[in-house]
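Breakdown of the fold
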Amino acid sequence: MVKFLNKRIAVITNNRSDMLEILSRNSIELVIFKPGEIYIDSFKEFYSLCILGGTEEEPIMLQARERMLVEEAVKQGKKVFTEYCGSVSGVYYENPSVTRYERLVFTYDDSLIEGICQGDILDDQCGMRIRPHEEFCSHSTPILQYVNVHAHKN
């Protein structure tokens, strides 16, 4: 296990986003990489990686060389967060689909977030999502799940 003295985060993204803004407002040192600008030692000095692909219609797709570098970082014990990414670390996703007629439901047994109960319906504002292919799913209970349900709660 590699010991990381500083908590620097490497962010891979094409554009600014709300998630990048949240990270930027905290006392976290960020270095931003664009796809195609990632090289063999790019992640050496970082505690974790953050792949933010939610800035365009299509999910972010890293070149094979860049995916291998991310996978190497995972093997070294670095934490990796991905958002709207076509594939990473051996997990491949289906094509994006519109969530207009689906609702996001809080499905976790224990209330992790104050004020949200199991079965509460959330609105994701007609977004897009990408599902992992079935063989890559853990089949454990997710915290959030898209369902096709027609219901409202006050």
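Residues numbered from 1 in each chain as written. Predicted model: local features only at pLDDT ≥ 70, side-chain atom pairs only at ≥ 80, totals over all residues. Heavy atoms only, no water.

**Regarding the pattern of salt bridges**
Spelled out, the test is: When a carboxyl oxygen of Asp or Glu is within 4 Å of a side-chain nitrogen of Lys or Arg, the pair counts as a salt bridge. For every residue, the accessible area (1.4 Å probe, protein chains only) is compared with the maximum for its type, and the residue is labelled buried under 20%, exposed over 50%, or partly exposed between those bounds.
Per the counting criterion, the structure on display carries 3 salt bridges. The partner of Arg25 in a salt bridge is Glu21, and the shortest N-O contact between them spans 3.0 Å. When its relative accessible area of 31% is taken as the criterion, Glu21 is described as partly exposed. Residues joined by salt bridges that share partners form a network here, namely Arg16, Glu21 and Arg25.

**Some words on the pairing of strand S1 (residues 9–13)**
Condition: The way it works is that DSSP assigns letters per residue, a run of H or I at least four long becomes a helix, a run of E at least two long becomes a strand, and they are numbered from the N terminus. Crossovers are marked right-handed if the path from the first strand over the helix to the second runs clockwise, as seen with the strands pointing away from the viewer. Two strands are counted as paired when DSSP detects at least two bridges linking them.
Most of S1 sits out of view: 5 of its 5 residues are buried. Going residue by residue along S1, you find Ile9, Val11 and Thr13 tucked away on one face and Ala10 and Ile12 tucked away on the opposite face as well. Taken together, S1, helix H1 (residues 18–24) and strand S2 (residues 30–33) form a β-α-β motif whose crossover is right-handed. Relative to strand S3 (residues 48–52), S1 is paired through 5 bridges, and the arrangement is parallel. Looking across to S3, one finds that Ala10 is bridged to Leu49.

**Looking at the sheet that holds S2**
What counts is decided by this rule: Only C-alpha atoms enter the line fits that serve as axes; for helices the fit covers just the stretch in contact. Angles between N-to-C directions range over 0 to 180 degrees. Contact criterion: two residues are considered in contact whenever any of their non-hydrogen atoms come within 4.5 Å of each other.
Taken together, 4 strands build an open sheet; the order of strands is S2-S1-S3-S4 and the sheet is parallel. Each end of this open sheet is capped by a strand with a single partner; those strands are S2 and strand S4 (79–83). Averaged over neighbouring strand pairs, the angle between their axes works out to 20 degrees when direction is ignored. Here helix H2 (residues 64–75) sits on the sheet and contacts S1, S3 and S4; the angle it forms with S3, its principal contact strand, is near 140 degrees.

**Side note on the packing of aromatic side chains**
In plain terms, the rule: Two rings from Phe, Tyr or Trp (for Trp, the six-membered ring) form a pair when their centres are within 6.5 Å of each other. A pair whose planes differ by under 30 degrees is stacked, one over 60 is edge-to-face, and the rest are tilted.
If you walk through the whole model with that rule in mind, you get 2 aromatic pairs. Relative to Phe43, the ring of Phe33 has its centre 5.8 Å away and its plane inclined at 80 degrees; by these criteria the two rings are edge-to-face. Remark: Phe43 occurs in the loop between S2 and S3 and Phe33 occurs in strand S2; sequence separation between them is 10 residues. As far as burial versus exposure is concerned, Phe33 and Phe43 are alike and both buried. With centroids separated by 6.0 Å and ring planes inclined at 80 degrees, the aromatic side chains of Phe33 and Phe46 adopt a geometry described as edge-to-face. With Phe33 in strand S2 and Phe46 in the loop between S2 and S3, this residue pair connects regions lying 13 residues apart in the sequence. Note on Phe33: relative accessible area 12%, which makes it buried.

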